[in-house]
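Commentary on secondary and tertiary structure
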Amino acid sequence: MVLNLKTSSVETREQRLGTIIGWDGTASKLADESAFSRGDCSGCGTKARRVCELEGPFTQGSVCSEQMVECQAGNIRDAVLIQHSPIGCGAGQVIYNSIYRNGLAMRGLPVQNIRFISTNLRERDMVYGGAEKLAEAIRLAVERHQPKAVFIATSCASGIIGDDIESVARTAESEFGIPIIPLHCEGFKSKHWSTGFDATQHGILRQIVRRNPEKRQDDLINVINLWGTDVFSPMLGELGLRVNYVVDMATVEELAQMSEARATVSFCYTLGTYLATALEQEFGVEQIKAPQPYGFAGTDAWLRELARVTGRGAQAEDYIAREHARVKPLLDELRPKLKGLKGYVATGSAYSHGLIGVLREIGVEVDGSLVFHHDPVYDSEDPRQDSLGHLIENYGDVRHFTVGNRQQYQFYNLLQRVKPDFIIIRHNGLAPLAARLGIPAIPLGDEHHALGYQGMVNLGESILAALQHRKFHKDIAKRVSLPYKQSWLAQKDPFALARAAS
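The notes below deal with the structure included here.

Analysis parameters
- Counting restarts for each chain: residues are numbered from 1 in the order of the written sequence.
- Residue-level local features of this predicted model are given only where pLDDT is at least 70; pairs of side-chain atoms are given and counted only at 80 or more, and the full residue set underlies all totals for whole chains, interfaces and linings.
- No hydrogens and no water enter the side-chain calculation; it runs on all heavy atoms of the structure.
- Secondary structure elements are defined from DSSP: runs of H or I of at least 4 residues count as helices, runs of E of at least 2 residues count as strands, and each element is numbered from the N terminus.
- We take the radius of gyration over the C-alpha atoms and set the globule estimate at 2.2 Å times the residue count to the 0.38 power.
- Between buried and exposed lies partly exposed: a residue is buried under 20% and exposed over 50% of the maximum accessible area for its type, with that area taken using a 1.4 Å probe on protein chains only.
- Here a residue-residue contact requires only that any non-hydrogen atoms of the pair lie within 4.5 Å.
- Per-residue and other accessible areas follow the Shrake-Rupley method at a 1.4 Å probe size, with only the shown protein chains counted as cover for residues.
- By this rule the span expected of a helix is its residue count minus one, scaled by 1.5 Å.
- One requirement defines pairing of two strands: DSSP has to find at least two bridges between them.
- Angular values range over 0 to 180 degrees, each being the angle between N-to-C directions of two axes fitted as lines to C-alpha atoms, with helices fitted over their stretch in contact.
- When a carboxyl oxygen of Asp or Glu lies within 4 Å of a side-chain nitrogen of Lys or Arg, that pair is called a salt bridge.
- The seven residues ending at a residue and the seven starting there each receive a fitted axis; the angle between those axes is the bend at that residue.
- Put simply, a nonpolar core is a bunch of buried Ala, Val, Leu, Ile, Met, Phe, Trp, Tyr and Cys residues held in one set by side-chain atoms that sit within 4.5 Å of each other.
- Ring pairs are drawn from Phe, Tyr and Trp, using the six-membered ring of Trp, whenever the two centres fall within 6.5 Å, and their geometry is named by plane angle: stacked under 30 degrees, edge-to-face over 60, tilted for the rest.
- Here, a charge over a ring is recorded when the distance from Lys NZ or Arg CZ to the ring centre is within 6 Å and its angle to the ring normal is within 35 degrees.
- Definition of a polar contact: a pair of N or O atoms within 3.5 Å, with one able to donate and the other able to accept a hydrogen when the atoms are protein atoms, and with sequence-neighbouring residues admitted only if both atoms are side-chain atoms.

**Some points on the overall build of the protein chain**
- On a plain count of helices and strands, the protein chain comes out with 22 helices and 14 strands.
- Taking 23 Å as the expected radius of gyration for a compact globule of 502 residues, we find that the protein chain reaches 23 Å, a close match to that expectation.
- In terms of overall dimensions, the protein chain has a C-alpha envelope of 65 × 60 × 50 Å along the principal axes.
- Counting every position in the protein chain, which comprises 502 residues, the buried fraction comes to 59%.
- Once local pairs closer than 6 in sequence are excluded, the contacts in the protein chain between residues at least 24 apart make up 75%.
- Accessible area of the protein chain: about 19600 Å², with a carbon and sulfur share of 51%.

Dropping the structure here:
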């Protein structure tokens, strides 16, 4: 399917990929139902494949597409994000500012605060419209920060009243001479927040990426990531390649030069599928179609495909051999210490597939995982990017594999079903519940921590460190109670309410 960059709004994940947020079974069954293809089941048409989805009667809590725009467009160093929304939509900026500052520090970049402005839509604006407020906010953003670009994040409120944001943006762009980029990310438009990643990348592709590059940078690789430490520069440097980190913490110029790069990679196909596929479609920047770089199997295959595309086979083989020789003795020391432990992974979808592979590579048992959504296929439709299939083929099935958008009440049942020794988590809102059950959590704030060969060592050491605090968590579990009725605490099926409602 061709991605449509002619319209200002991105197609949602449900429309393009058939994304689901409720499912429970084995990983192999989900992979079979997904079939990593589009439209080859009855009634699917030519777009997304349909996987049968469990739909609960209520949502206890989640995030939305607009928040994902905040944590991407809001983290571009010389741009400003305007939230055309009630002020409450900006509550997430508190934690995002902390993450942004930490990320800049870890990369050795100048530490600064995020730069965003809220139009603070109120009841009067819901009646008479908020376009004038938006125009004034753009003017303030330019005067106050002299940005290289201004992003406008829409909201449920602005979507409901139907403000003509496109017209306001075009007028301001003519006046100020910089890209003014509407990002259509109303929370009600998509059931999963990952559509917000795509909305940001859609706007960048349309209005910032250089459309007719005068040069090609054959040693430049776009790396789609968030705020993680710089592990790609030394790794790709071994192949004589340079890194262009996007989107978070990039400058507008670094985003513009994406069309000049030789290839695009990412640490997670959930995050990078839209941008990488569109760069290949529109500008011929090749997307690396290989398993994600986790564990020996994934990292080997990923490096070899990158080397094939960039013509650096000899350097890659030399690097792979040296890293195997360096890391294997370290893992031999770790595995006896980790033997007999059971882990549980609760993260984004493709990222979870990689982490489970790493855990099994270092000898940790994994028979349960919660992924926050599932894409039956990624935008490339290339089976080499079938991260779930790669996990099953190389590391075996996962008995309790669950898709759910971070519902606390379900997470209790999921952990009771598996009874892990620890959990790995990226979205920390679930970690306190695990602690109340006496289970230590390993929060992977640095998304690159488990990546590549060194990532296996890193994760093994983090597990051992977290288990040092096991007694602390056991003590918590003895002294707290959970806010659920006994009938739910005794429930074995996390989706019992969904099945009853269907």
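**Let's talk about helix 13 (residues 295-310)**
- If you check helix 13, its first and last C-alpha atoms are 22 Å apart, about what 16 residues at 1.5 Å a residue would give, namely 22 Å.
- A large share of helix 13 lies buried, amounting to twelve of its 16 residues.
- The positive-phi residue at the C-terminal boundary of helix 13 is Gly311, with phi of around 70°.

**A look at the sheet that holds strand 9 (residues 286-287)**
- With parallel pairing, the four strands of this open sheet are ordered in space as 7-6-8-9. Sheet topology places strand 7 (242-247) and strand 9 at the edges, where each strand pairs with a single neighbour.
- Direction of pairing for strand 8 (residues 261-266) relative to strand 9: parallel, over a ladder of two bridges. Bridging from a neighbouring strand, Ala263 pairs with Glu286 of strand 9.
- The sheet strands contacting helix 13 are strand 6 (217-225), strand 8 and strand 9, and the helix crosses strand 8 at an angle near 165°.

**Considering the pattern of salt bridges**
- Counted according to the given criterion, the structure contains 33 salt bridges.
- Here Lys133 and Asp125 are joined by a salt bridge, their closest N and O atoms 2.9 Å apart.
- For Lys133, a relative accessible area of 31% corresponds to the partly exposed category.
- Residue Asp125 is classed as buried on the basis of its relative accessible area of 10%.
- For Arg304, the salt bridge goes to Glu317, with nearest N and O atoms at 2.7 Å. Here Arg304, found in helix 13, pairs with Glu317, found in helix 14 (residues 313-338); they are 13 residues apart in sequence, far enough to count as distant.
- For Arg304, a relative accessible area of 38% corresponds to the partly exposed category.
- Through salt bridges with shared partners, one network takes in Arg262, Glu286, Glu305, Arg308, Asp382 and Arg384.

**Some thoughts on helix 14**
- When the terminal C-alpha atoms of helix 14 are compared, their 35 Å separation across 26 residues agrees well with the 38 Å that a helix rising 1.5 Å per residue should span.
- Its maximal kink placed at Val327, helix 14 deviates by approximately 25°, while the proline Pro329 follows within four residues.
- What helix 14 keeps buried is the set Ala316, Tyr319, Ile320, Glu323, His324, Val327, Leu331, Leu334 and Leu338.
- Where helix 14 is buried, its residues touch helix 10 (232-237), helix 13 and helix 19 (452-467).

**Quick look at the nonpolar core**
- Residues Phe151, Phe232, Leu359, Phe411 and Ile463 are the most contacted members of the largest nonpolar core, which totals 141 residues.
- Ranked by residue count, the leading element in this core is helix 12 (residues 269-283), at eight residues.
- Dropping the residues within four chain positions of it, Ile463 is found in contact with Leu338, Leu341, Leu359, Ile362, Val364, Phe422 and Ile442.
- Counting 16 residues, the second largest nonpolar core, distinct from the first, contains Val142, Ala169, Ala172 and Ile178.

**Examining the packing of aromatic side chains**
- Within this structure, the stated rule accounts for eleven aromatic pairs.
- Taking the centre distance of 5.5 Å and the plane angle of 85° together, the rings of Phe267 and Tyr351 count as edge-to-face. Within this pair, whereas Phe267 is found in the loop between strand 8 and helix 12, its partner Tyr351 is found in helix 15 (residues 349-361), the two being separated by 84 residues in sequence. For the pair Phe267 and Tyr351, one class covers both residues: buried.
- Relative to Tyr453, the ring of Phe296 has its centre 6.0 Å away and its plane inclined at 40°; by these criteria the two rings are tilted. With Phe296 in helix 13 and Tyr453 in helix 19, this pair connects stretches of sequence that are 157 residues apart. One exposure class covers both Phe296 and Tyr453, and it is buried.
- Members of the aromatic cluster, connected to one another through ring pairs, are Phe58, Tyr409 and Trp488.
- The ring of Phe296 carries Lys328 above its face, with NZ or CZ at 5.6 Å from the centroid.
- Lying over the aromatic face of Trp193, Arg406 brings its terminal NZ or CZ to 5.5 Å of the ring centre.

**A look at the side chain of Gln407**
- Mapped onto the elements of the fold, Gln407 is located in the loop between strand 12 (400-404) and helix 17 (408-418).
- By relative accessible area, which is 5% here, Gln407 ends up buried.
- Among the polar contacts listed, one links the side chain of Gln407 to the backbone nitrogen of Gln60, at a separation of 2.5 Å.
- Apart from residues lying up to four places away in sequence, Gln407 is in contact with Thr59, Gln60 and Gly61.

**A word on unusual backbone geometry**
- The step from Val246 to Val247 runs through a cis peptide bond, and the omega angle for that step is 5°.
- Along the chain, Val247 turns up in strand 7.
- Of note in the backbone geometry, Glu381 takes a positive phi value of approximately 60° without being a glycine.
- Its relative accessible area of 29% is what places Glu381 among the partly exposed residues.

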